[in-house]
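# Commentary on secondary and tertiary structure
Listed below are the residues making up each chain.
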Amino acid sequence: MRGQLLGDHRPGTTWLHRLPAGTKLLGLLVVGIVVVAVRGPVSALGFLALALGLVAWSGMGIRLALAALRGILLVAALLAAWQAWQHGWGRAVEAVGDLLALVLLATVLTVTTPVDEVLDVITRVLQPLRRLGVNPEAVALAFSLAVRAIPTTIAIADETRDAALARGLERDPRARLTPLVIRVVAHARATGDALQARGIGDDER
Amino acid sequence: MSTVRFEAVTVTAPTLDGDVLILDRTDLTLTEPRIALIGANGSGKSTLARLVNGLVTATTGRVLVDGLDVAQEGREVRRRVGFVFTDPAAQLVMPTVLEDVALSLRRTHRDKAVRRTAALAMLAEFGLEELAARSVHSLSGGQRQLLALAGVLATGPDVLVADEPTTLLDLANSRRIGDLLLGLAQQLVLVTHDLELAARCDRVLVVDQGRVVHDGPAAGAVAHYRSTA
Ligand SMILES: Nc1ncnc2c1ncn2[C@@H]1O[C@H](COP(=O)(O)OP(=O)(O)O)[C@@H](O)[C@H]1O
Ligand SMILES: [Mg+2]
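Everything quoted here is computed from the prediction, not taken from an experiment. (Residues numbered from 1 in each chain as written. Chains lettered and ligands numbered in written order. Predicted model: local features only at pLDDT ≥ 70, side-chain atom pairs only at ≥ 80, totals over all residues. Heavy atoms only, no water.)

### Comments concerning the overall build of chain B
When helices and strands are counted, chain B shows 8 helices and 10 strands. Against the globule reference of 17 Å for 229 residues, chain B gives a C-alpha radius of gyration of 18 Å, in line with a compact fold. Here chain B holds 229 residues, and 54% of them are scored as buried. Long-range contacts, defined here as pairs at least 24 residues apart, represent 65% of the contacts in chain B between residues at least 6 apart. Accessible surface, chain B as shown: approximately 9,700 Å² in total, 49% of it carbon and sulfur. (Helix = DSSP H or I, 4+ residues; strand = E, 2+ residues; numbered from the N terminus. Rg over C-alpha atoms; globule rule 2.2 N^0.38 Å. Buried < 20%, exposed > 50% of the residue type's maximum accessible area, 1.4 Å probe, protein only. Contact = heavy atoms within 4.5 Å. Areas by Shrake-Rupley, 256 points an atom, 1.4 Å probe, with all protein chains shown as cover.)

### What to know about the interface of chain A and chain B
Contact residues are listed per partner, giving 28 residues for chain A and 32 residues for chain B. For the pair chain A and chain B, the summed buried surface comes to about 2,700 Å²; carbon and sulfur atoms form 52% of the total. Where chain A packs against chain B, one counts 2 salt bridges. Where chain A meets chain B, there are 5 residue pairs in polar contact (both at pLDDT 80 or more). (Buried area = accessible area lost by both parts, 1.4 Å probe. Salt bridge = Lys/Arg side-chain N within 4 Å of Asp/Glu carboxyl O. Polar contact = N/O pair within 3.5 Å; in protein donor to acceptor, adjacent residues only side chain to side chain.)

### A closer look at a nonpolar patch on the surface
On the surface, Leu26, Leu29, Val30, Ile33, Val34 and Val38 of chain A cluster together to form a nonpolar patch covering roughly 530 Å² of accessible area. In this fold, Leu26 of chain A is placed in helix H2 (residues 21–37). (Patch = residues over 30% accessible without salt bridge, like charges linked within 9 Å, V, L, I, M, F, W, Y side chains within 5 Å.)

### What to know about the confidence of the model for chain A
Close reading of the predicted structure is inappropriate where its pLDDT is low. Of the residues in chain A, 94% have a pLDDT of 70 or more, and the chain-wide mean is 84. The low-confidence segment residues 1–5 of chain A (pLDDT under 50) makes 15 contacts with residues lying over four places distant or belonging to another chain. (pLDDT = per-residue confidence, 0-100.)

### With respect to the sheet that holds strand E1 (residues 4–15) of chain B
Residues and elements named next belong to chain B. Read across the open sheet, the 4 strands follow the order E2-E1-E4-E5; overall the sheet is antiparallel. The open sheet terminates on both sides in strands that have one partner only, identified here as strand E2 (18–30) and strand E5 (68–69). Bridge count between E1 and strand E4 (residues 60–65): 5 bridges; the pairing is antiparallel. Residue pairing in the sheet places Arg5 in a bridge with Leu64 of E4. (Pairing = 2+ DSSP bridges.)

### Digging into the packing of aromatic side chains
Residues and elements named next belong to chain A. Counting across every chain of the model gives 3 aromatic pairs over all chains. Ring plane angle 10 degrees and centroid distance 5.3 Å describe the contact between Trp15 and Trp57, whose orientation is recorded as stacked. Of this pair, Trp15 sits in helix H1 (residues 15–18) while Trp57 sits in helix H3 (residues 41–58), and the two are 42 residues apart along the sequence. Judged by its relative accessible area of 44%, Trp57 is partly exposed. Where Trp82 meets Trp85, the ring centres are 5.6 Å apart and the plane angle is 75 degrees; that geometry is what we call edge-to-face. Taken together, the residues span about one helical turn, with Trp82 and Trp85 both in helix H5 (residues 73–87) at a distance of 3 residues. Trp82 sits in the partly exposed class, given a relative accessible area of 46%. (Phe/Tyr/Trp six-rings, centres within 6.5 Å; stacked < 30°, edge-to-face > 60°.)

### A short note on the domain arrangement of chain A
Domain annotation for chain A reports domain 1 (1–113) and domain 2 (114–205). Taking only C-alpha atoms, the centre of domain 1 of chain A and the centre of domain 2 of chain A are 23 Å apart. (Domains from an automatic or database assignment.)

### What to know about the pattern of salt bridges
All names here are of chain B. What the rule picks out here adds up to 18 salt bridges over all chains. Of the charged contacts in the structure, one is a salt bridge between Arg25 and Asp27, with a shortest N-O distance of 3.6 Å. Owing to a relative accessible area of 57%, Arg25 belongs among the exposed residues under this scheme. Across the pair Arg79 and Glu76 runs a salt bridge whose closest N-O atoms are separated by 3.8 Å. Placement of both Arg79 and Glu76 in helix H2 (residues 74–80) is noted, with a separation of 3 residues, approximately one turn of the helix. Owing to a relative accessible area of 29%, Arg79 belongs among the partly exposed residues under this scheme.

Here it is as structure tokens:
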């Protein structure tokens, strides 16, 4: 199985698994703010160490953690190069350390928390916005679909790349991008049809 | 059994060179337990099937399910009509097997623990309970279609419409899904290229170029299709 960013719950019995989803979401939010607010390469490496500690604790295994990072490796490399060039190595370490720490922390959350529980938290938190016309169930479902779409899109991208390769067109961006976009849109439409056919969304209106 | 009625239904679609007729004026009353739609690619089978639950709307005329107009009371109709698609990948919307079936139960089972138990029971009926915690991406094609079917039946429909549900499956899996569909208590409207499966239905409609060109018992209809294909 190829790398997939987020969206893959692994059942388990660690303390992290048993912690309520709301607590974990709030924790991620707070730590996220702290990670961004505290400056300097040393603290960035500290946050990264903390994230790696939680990865180990969650029992998800190094392979899953690496798979999660694979998705942002290119971005991290570009970011590091740019920061090092513009502001020196200290800033590069800080930016990349923060980024990797945040992705790993988010991955720990998704690995240890069933999506159903995350949806319930989102629905509960958004309840007060109901009066403003926000529909919490619809937002929660949209969130779940977005998470679900990530591995699907990666799979379609892999297939389109292989198809382009088979025709010797791997260097032609059109041969890779056009079918990818068409298939992702077609998949989104088919998912919409399937949701409608299951009556999902009918009650939340 | 339910009654699905088509009253003077036509479907046209806008294209760059003007409107094209996809379904010519059609009148039908479907009351048999197992109805098959067969015909060439592009003949209009999916359009007919999708009209039953409002995924396609009639340009003129109307479609009624137990007297409910699909265009007016889509929500009520969708509660009665379940739909299974060809590609199960597009129908599975949650990350894990259990969560996907549980999603269908959100309306009827508000309590989460109760919903979980009901979802597990549903999975057990389809022999999928072992896979409850698995990612839907890790399933085989046959398991995915089985799960898609479980997810649809969990909503408790009276009528099940299936649009080429076995086309992407291997022989063993398409037999399994086919047998399961024909054995259901629900009324079945089945679009298929599997003529053996169609031959086991109570009524078979042959569709060609946007028209129902033959309508009757399986043997005659399948013979008609074979002679014209
Ligand atoms: N939205 C649309 N716009 C234009 N043409 C369409 C549309 N939907 C279907 N068609 C055309 O209508 C015909 C019947 O389609 P369909 O019902 O999917 O056939 P079948 O399921 O028998 O293969 C095909 O020629 C198809 O290309
Ligand atoms: Mg079709």
